[in-house]
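Architecture and fold: a report
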Amino acid sequence: MCFLMQAAPSDHVICARWVVPVMPEGSVLDYHSVVVREGRIDAILPTRELGEAHQNLPKVELPNHLVTAGLINTHGHAAMTLLRGYADDLPLMDWLNNHIWPVEDRFVDEAFVFDGTSLAVAEMIASGTTCAADTYFFPDAVSQAMTENGFRGQVCIPVVQFPNAWAESEEQHLEKGLAFHDSVRDSSLITTALAPHAPYTVSDNGFSQVVKYSAELQIPIHLHLHETKGEVEAAVDDDGQRPFERMQRLGLLSSRLQTVHMTELTEGEIHTLADKGAHVAHCPESNMKLASGICPVHSLLEHGVNVALGTDGAASNNDLDLLGEARTAAFLTKVATGDATSVSAARALSMATINGARLLGLDDEIGSLEKGKSADIIAVDFTDIAFQPMHNPLSQLIYAANGTQVSYTWIAGRCVYQDGRNTSLDVSALKTRVESWQKKIQSKL
Ligand SMILES: [Zn+2]
């Protein structure tokens, strides 16, 4: 049963067949329970050791389920879920210049962002994601859609040179973004970051301002970087510098930097990332679909760079299933390196959880099941014959399951999804709004 149509998170005990705490990596606990009090993990212990102190707490019995930490999607554009399937099978710059940017120009407003983000949040909650980093215009609407649905997020402040429905200039993006940052300062679910879109859409002055405010406010910088070989070559043709060199010169490289994609990297750049403690959000399915390239995940991990996972927007994926993304990340690295031992199932789960928390600077709070951390927890149902026999639950989770097997999602102790039902939002009303956006977009093409 779900206890969570309540204002406060309920105290309860989740009794599972398997608990995978994420830390230490690869650990699988048989017949264990997770005790949740006041939205936090109070204890993880063998179910048979539950005692008097737990007697009066409601129990969630999960006899065929694996329970683990909520998944963390470290890169996306939630509102673009309204453009899922709108333009496929195109290379990045053609896709952006001739399809995505024109349709965004015409339709993006506050309502578009709120409805698109609500759709993405509903999908993410249902497939086990409990926290996402998001970059889009109208961050207030992104934040509102996340908060209303009890979802955790890093809502980025977008910065680009070109005018759009939200802001006219880099200066105005920053001005409005800082006001947004102030408005969510006390939120328990929302953090912020500055997101200069990419080296090819932001000026040197824009980057310098971003670096200044990031240091002042102690918030991360989230940046698309080296997404394709073409991007790097065009920059070198233009001013003789690789975008990475330019970012380094402008002072972006630090442990607050979250780079996204990174398909083109030299050995020296990998060393610099490791030295500076900068993070990488790897989006394998988007990179594959747009034929952007392959991020050298194996080498980054070997050098000690923190690599997490992102789906990117649903317009270039086309789903937001992070379990699927973890499987793709493992497979792609194996094929890219010719080494089947690289990115194991356990490592892929770490990338989808604790590494994501580290990238967001939230690893004291989320990313693993540990006493004192927020109760961001998912349960995956292994009843189906597709998961038998159960030689290795962690292997089944990454290599055999996908988001549709997620049967419970809790965020800060609140149950937001149970057995096919989002408990925090009205999905049928949302579907009606989404359908009306589809008709509107189609009719004006
Ligand atoms: Zn992106």
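Residues numbered from 1 in each chain as written. Predicted model: local features only at pLDDT ≥ 70, side-chain atom pairs only at ≥ 80, totals over all residues. Heavy atoms only, no water.

1. Some thoughts on the domain arrangement of the protein chain
The domain architecture assigned to the protein chain consists of domain 1 (12-69 + 375-422) and domain 2 (71-360). Computed from C-alpha atoms alone, the centre-to-centre distance between domain 1 and domain 2 is 29 Å. Contact with domain 1, which involves 26 residues of that partner, is made by 31 residues of domain 2. Summing the contributions of domain 1 and of domain 2, the shared interface buries around 2200 Å²; its carbon and sulfur component is 65%. When residues of domain 1 are sorted by the area they lose upon contact with domain 2, E25, I398 and Y399 head the list and together hold 30% of the total. (Domains from an automatic or database assignment. Contact = heavy atoms within 4.5 Å. Buried area = accessible area lost by both parts, 1.4 Å probe.)

2. Notes on the pairing of strand β10 (residues 257-261)
Residues in a regular strand point their side chains to alternate faces of the sheet. Counting buried residues along β10, five of its five residues qualify, which places the element largely inside the surrounding structure. Strand direction decides the pairing type here: strand β9 (residues 221-225) and β10, joined by five bridges, are parallel. Residue pairing for β10: L225 is matched across the bridge by H261. The pairing of β10 with strand β11 (residues 279-282) spans three bridges and is parallel. Each residue of the ladder has a partner; that of V260, found in β11, is A281. With respect to chirality, the unit in which β10 leads through helix α8 (residues 267-276) into the neighbouring parallel β11 is right-handed. (Buried < 20%, exposed > 50% of the residue type's maximum accessible area, 1.4 Å probe, protein only. Helix = DSSP H or I, 4+ residues; strand = E, 2+ residues; numbered from the N terminus. Pairing = 2+ DSSP bridges. Right-handed = clockwise from strand over helix to strand, strands pointing away.)

3. Some remarks on the coordination of the zinc ion
Looking at the zinc ion, the protein donor atoms are H75 (NE2), H77 (NE2), H224 (NE2) and D312 (OD), and they sit 2.1 to 2.5 Å from it. Taken together, the four donor atoms surrounding the zinc ion define angles of 86 to 173° at the centre, an arrangement classified as irregular. Spacing between the donor residues of the zinc ion along their common chain follows H-x1-H-x146-H-x87-D. H77 matches H75 in its accessibility class, with the two residues each being buried. (Donors = N, O, S within 2.8 Å, 3.2 Å for Na, K, Ca; no water. Tetrahedral: all angles 85-135°; square planar, octahedral: opposite > 155°, others 65-115°.)

4. A short note on a negative patch on the surface
Taken together, E233, D237, D238, D239 and E245 make up a surface patch of like negative charges. Here the element with the most residues in the negative patch is helix α6 (residues 229-239); it accounts for four residues. (Patch = residues over 30% accessible without salt bridge, like charges linked within 9 Å, V, L, I, M, F, W, Y side chains within 5 Å. Areas by Shrake-Rupley, 256 points an atom, 1.4 Å probe, with all protein chains shown as cover. Salt bridge = Lys/Arg side-chain N within 4 Å of Asp/Glu carboxyl O. Lys, Arg positive; Asp, Glu negative; His and termini not counted. Charge placed at Lys NZ, Arg CZ, Asp CG, Glu CD.)

5. With respect to the sheet that holds strand β4 (residues 59-69)
Spatial strand order, β3-β2-β1-β4-β13-β14-β15-β16: eight strands in an open sheet with mixed pairing. Two strands bound the open sheet, and with one partner strand each, they are β3 (40-46) and β16 (421-422). Relative to β4, strand β1 (residues 12-20) runs parallel, the two being bridged by seven bridges. When the bridges of β4 are listed, C15 appears paired with E61.

6. A few points about the packing of aromatic side chains
Each pair of aromatic rings is reported with the distance of its centres and the angle of its planes. Tallied over the entire structure, the rule returns seven aromatic pairs. Aromatic side chains F382 and F387 sit 5.0 Å apart centroid to centroid with 35° between the ring planes, which places their arrangement in the tilted category. There is no split in this pair, since F382 and F387 are both buried. A network of ring pairs unites the aromatic residues W18, F382 and F387 as a single cluster. (Phe/Tyr/Trp six-rings, centres within 6.5 Å; stacked < 30°, edge-to-face > 60°.)

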